[in-house]
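Geometric and topological summary
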Amino acid sequence: MEEVGIQYWVTFLNGVAGCEHSHEHAVNSAKIFNQLKPMLVGTGGLTLFPGTPLLEEAERGEFTPLTEKEMLEELRTFVENLTCDCKFITHHTIAANLSGPDFLKRKPQILSTLDGIIRHGDMDALETIRTNKRTL
């Protein structure tokens, strides 16, 4: 698509690999995105909605969802490994605005913000926000 001038974006779904594969999901997704060189990288966090197969798997113990802190740690790992220069948009439950252009210039600031939230953020409040979501 780059060869013919088509701009595109890709999305990292934070949390979709569960606890068992979180780190690999973040690192490998970043590697693929770096190879693709999209004009925009978006991120969103997995929310398990009632009536969905993945929530049913979690209730049966077949899928272990990430905690809010683990979601942030996975997002941080993804950002740390992302090296393509792009616009970056995240739709996470955190209030910090990590979105904007010039990802590589802003990457140290994004990582610093994530580090602060991981260490000092109110995970209960973030979990409440995610739990109260009714739609994407």
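The preceding data block contains the structure.
Residues numbered from 1 in each chain as written. Predicted model: local features only at pLDDT ≥ 70, side-chain atom pairs only at ≥ 80, totals over all residues. Heavy atoms only, no water.

Here the structure, examined in full by the defined rule, presents three salt bridges. For E80, the salt bridge is made with R76, and the minimal N-O distance between the two is 3.4 Å. Of this pair, E80 and R76 both sit in helix α3 (residues 68–81), separated by four residues, roughly a single helical turn. Look at E80 and you get partly exposed, because its relative accessible area is 42%. Here R76 makes a salt bridge to D115, at a shortest N to O gap of 2.4 Å. (Salt bridge = Lys/Arg side-chain N within 4 Å of Asp/Glu carboxyl O. Helix = DSSP H or I, 4+ residues; strand = E, 2+ residues; numbered from the N terminus. Buried < 20%, exposed > 50% of the residue type's maximum accessible area, 1.4 Å probe, protein only.)

In this section: a nonpolar patch on the surface. Taken together, the side chains of M1, V4 and I6 present a nonpolar region at the surface, about 320 Å² in accessible area. Assignment of secondary structure puts V4 in the segment before β1 (9–14). (Patch = residues over 30% accessible without salt bridge, like charges linked within 9 Å, V, L, I, M, F, W, Y side chains within 5 Å. Areas by Shrake-Rupley, 256 points an atom, 1.4 Å probe, with all protein chains shown as cover.)

One pass over the full model with this rule turns up zero disulfides. Looking at C84, it has no disulfide partner, and the nearest cysteine sulfur is the one in C86, 4.1 Å off. (Disulfide = S-S within 2.5 Å.)

Read these as layout, nothing more, since geometry by itself doesn't imply function.
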